[in-house]
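Below, each chain spelled out in residue letters.
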Amino acid sequence: MYVAVKGGEKAIDNAHALMRTQRRGDSAIAELSVDQIRQQLPLAVDRVMNEGSVYDPELAALALKQASGDAVEAIFLLRAYRTTLPRFGYSEPLDTEQMQIERRISGTFKDLPGGQILGSTYDYTHRLLNFSLLAAGEAEVAPEEANALSEALAAGNSCPRVLELLNKEGLIEQSREAGQDDQAPRDLTREPVNYPAERAVRLQNLIRGDEGFLLSLSYASMRGYGDSHPFSGEMRTGRVSVELVPEELGFPIEVGELLLTESEMVNQFHGSKDLPPQFTRGYGIAFGRAERKAMSVALVERALRAEELGEEVLYPTQDQEFVLSHTDCVSANGFVSHLKLPHYVDFQSELEMIRRLRKEQVQRTESTTKEEADA
């Protein structure tokens with residue numbers, strides 16, 4: 001702790017008390033519970049889980065409540081808690097091909113094996129304020145046929161991948177390279193990023209990254225600052241089983257399931273001396289219902305593959321060090337917020353330097369004026 005701050009412990013305690021009062025709001029209004037946040041603000045909860053790197057809706061909802069709804073602060077809280085948890089193993093790779101689909105769309109093919117499934121989405125709403133939500137009342141109930149469809153999908157009806165239609169003709173790169181499955185990916189939470197970073201590390205970094213920053217980068221890459229001309233090959237949301245192999249058993253057992261959103265983008269590739277012209281993939285995945293995040297990750301991830309595909313690196317969105325070093329909202333928040341801490345000594349030195357420079361400038365001006373007058 002800064003020495004200058006130590007004398008203000010009582011003031012800090014008072015600031016914390018004021019913060020708690022502000023978070024609670026009017027005590028005449030019923031307090032918002034963690035269960036209410038979890039059930040009624042699920043998209044905010046999903047963002048905190050993604051960037052906090054912990055799949056636990058209850059803890060994410062608690063963090064949101066504690067942070068007064070500040071997503072970045074809630075992510076910080078969840079990350080801090082994550083560091084206290086023991087790590088007892090790694091799960092098997094998730095098989096998203098066996099996802100129990102609740103939503104699945106494609107912008108590349110109209111008629112898909114298994115069909116397009118709109119599911120729950122804001123895409124087709126009018127974006128008009130619904131003032132009926134100001135009144136307390138029962139929530140609108142989905143039609144029976146929609147509920148029946150959701151139940152049928154949740155029962156385990158899996159859908160084949162859309163991009164396999166292109167893969168059958170050899171028009172798109174393979175999603176897995178030979179021998180890739182035998183390589184254990186590095187754990188970004190235990191080892192620092194080294195550049196150039198392999199694809200698995202880049203994906204880990206992006207999935208933990210700030211959604212707004214990734215959205216802006218993906219937007220920039222499509223506007224001409226990343227040479228990206230994508231199509232949405234497929235986006236799917238659903239539940240996936242998580243399996244773990246205990247040492248004492250030696251075979252996988254199911255330990256739970258995750259709700260995930262997965263996005264695959266299709267990009268043009270003009271070919272190289274080693275590869276023929278074909279489509280390439282950008283891949284993104286995220287906890288919960290997080291379509292904007294998954295799509296942004298897929299777009300940025302493809303932009304970062306420019307060098308390995310032999311494309312010219314011209315823009316910040318294609319620069320690994322620029323992108324990966326600045327995606328983390330916790331790091332960014334810490335670096336910006338530290339400016340609020342005392343920097344009295346640093347500023348005084350800067351102040352003295354500016355005063356000295358100004359004095360020297362005045363002296364030079366006076367000297368020049370005198371020489372001109374003498375001449």
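Structure first, text after, so check above.
Heads up: these notes are all about the structure in this document. Keep in mind the model is a prediction, meaning the values are calculated, not measured.

**Some remarks on the overall build of the protein**
(1) Moving on: If you tally the helices and strands in the protein, you get 14 helices and four strands.
(2) Moving on: Radius of gyration (C-alpha) of the protein: 27 Å, far over the 21 Å computed for a compact globule of 375 residues.
(3) Moving on: Overall, the protein is about 90 × 70 × 55 Å in size when its C-alpha atoms are taken along their principal axes.
(4) Moving on: Buried positions account for 31% of the 375 residues belonging to the protein.

**Things to note about the packing of aromatic side chains**
(1) Moving on: Within this structure, the stated rule accounts for two aromatic pairs.
(2) Moving on: With 5.1 Å between their ring centres and 80° between their planes, Tyr-55 and Phe-287 make a pair best called edge-to-face. Here the residue Tyr-55 occupies a position in the loop between helix 4 (42-52) and helix 5 (57-66), and Phe-287 occupies one in strand 4 (residues 278-287), the gap between them amounting to 232 residues.
(3) Moving on: Judged by centre distance (6.1 Å) and plane angle (80°), the ring pair of Tyr-225 and Tyr-315 falls under edge-to-face. Of the two residues, Tyr-225 is situated in the loop between helix 10 (211-222) and strand 2 (231-244) and Tyr-315 in the loop between helix 11 (291-303) and helix 12 (320-326); the sequence distance between them amounts to 90 residues.

**Let's talk about a nonpolar patch on the surface**
(1) Moving on: A surface patch of nonpolar side chains, amounting to about 330 Å² of accessible area, comprises Leu-249, Phe-251, Ile-253 and Val-255.
(2) Moving on: You can see Phe-251 is positioned in the loop between strand 2 and strand 3 (253-269).
(3) Moving on: Among the residues examined, Phe-251 registers a relative accessible area of 43% and is labelled partly exposed.

**What about the nonpolar core?**
(1) Moving on: Val-45, Val-48, Ala-60, Leu-64 and Ala-74 are the most contacted members of the largest nonpolar core, which totals 16 residues.
(2) Moving on: At the level of elements, helix 3 (34-40), helix 4, helix 5, helix 6 (71-82) and helix 13 (329-337) are the ones that each hand at least two residues to this core.
(3) Moving on: At four residues, helix 5 tops the list of elements feeding residues into this core.
(4) Moving on: Those residues in contact with Leu-64 that lie beyond four places of it in its chain are Ile-37, Ala-44, Val-45, Val-48, Gly-69, Ala-71 and Ala-74.
(5) Moving on: Core analysis: the second largest hydrophobic core is formed by 12 residues, Leu-188, Val-201, Leu-203 and Leu-214 among them.

**Comments concerning the sheet that holds strand 2**
(1) Moving on: In space, the four strands of this open sheet follow the order 1-2-3-4, with antiparallel pairing throughout. Only two strands of the sheet have a single neighbouring strand rather than two, namely strand 1 (100-105) and strand 4. Geometrically, the sheet is characterised by an average inter-axis angle of 20° between neighbouring strands, direction not taken into account.
(2) Moving on: Pairing analysis gives 10 bridges linking strand 3 to strand 4, with the strands arranged antiparallel. Counted as the bridge partner of Met-265 is Gly-282 from strand 4.
(3) Moving on: Helix 11 rests against strand 1, strand 2, strand 3 and strand 4 of the sheet, and its axis sits at about 140° to strand 4.

**Some points on the environment of Leu-259**
(1) Moving on: Mapped onto the fold, Leu-259 is located in strand 3.
(2) Moving on: Those residues within four positions of Leu-259 in sequence are excluded, and the remaining contacts are Tyr-55, Glu-102, Thr-237, Gly-238, Arg-239, Ala-286, Phe-287, Gly-288 and Arg-289.

**Here we look at a negative patch on the surface**
(1) Moving on: A contiguous patch of negative charge, built from Glu-92, Asp-95, Glu-243 and Glu-254, is present on the exposed surface.
(2) Moving on: Within the secondary structure layout, Glu-92 lies in the loop between helix 6 and strand 1.
(3) Moving on: Look at Glu-92 and you get partly exposed, because its relative accessible area is 33%.

**Concerning the pattern of salt bridges**
(1) Moving on: Per the stated rule, a full pass over the model turns up 26 salt bridges.
(2) Moving on: The shortest N-O distance in the salt bridge between Lys-293 and Glu-51 comes to 4.0 Å. Taken together, the positions of Lys-293 in helix 11 and Glu-51 in helix 4 put the pair 242 residues apart, joining distant regions of the chain.
(3) Moving on: According to the relative accessible area criterion, Lys-293 is buried, its value standing at 3%.
(4) Moving on: Exposure remark for Glu-51: the relative accessible area of 0% places this residue in the buried category.
(5) Moving on: Among the ionic pairs, Glu-311 bridges to Arg-302, the shortest N-O distance being 2.8 Å. For the residue pair Glu-311 and Arg-302, the accessibility class agrees, reading buried in each case.

How each quantity is defined
- Residues numbered from 1 in each chain as written.
- Predicted model: local features only at pLDDT ≥ 70, side-chain atom pairs only at ≥ 80, totals over all residues.
- Heavy atoms only, no water.
- Helix = DSSP H or I, 4+ residues; strand = E, 2+ residues; numbered from the N terminus.
- Rg over C-alpha atoms; globule rule 2.2 N^0.38 Å.
- Buried < 20%, exposed > 50% of the residue type's maximum accessible area, 1.4 Å probe, protein only.
- Phe/Tyr/Trp six-rings, centres within 6.5 Å; stacked < 30°, edge-to-face > 60°.
- Patch = residues over 30% accessible without salt bridge, like charges linked within 9 Å, V, L, I, M, F, W, Y side chains within 5 Å.
- Areas by Shrake-Rupley, 256 points an atom, 1.4 Å probe, with all protein chains shown as cover.
- Salt bridge = Lys/Arg side-chain N within 4 Å of Asp/Glu carboxyl O.
- Core = buried A, V, L, I, M, F, W, Y, C linked by side-chain atoms within 4.5 Å.
- Contact = heavy atoms within 4.5 Å.
- Pairing = 2+ DSSP bridges.
- Axes fitted to C-alpha atoms, helices over the stretch in contact; angles between N-to-C directions.
- Lys, Arg positive; Asp, Glu negative; His and termini not counted.
- Charge placed at Lys NZ, Arg CZ, Asp CG, Glu CD.

Purely geometric stuff here, so don't read any function into it on its own.
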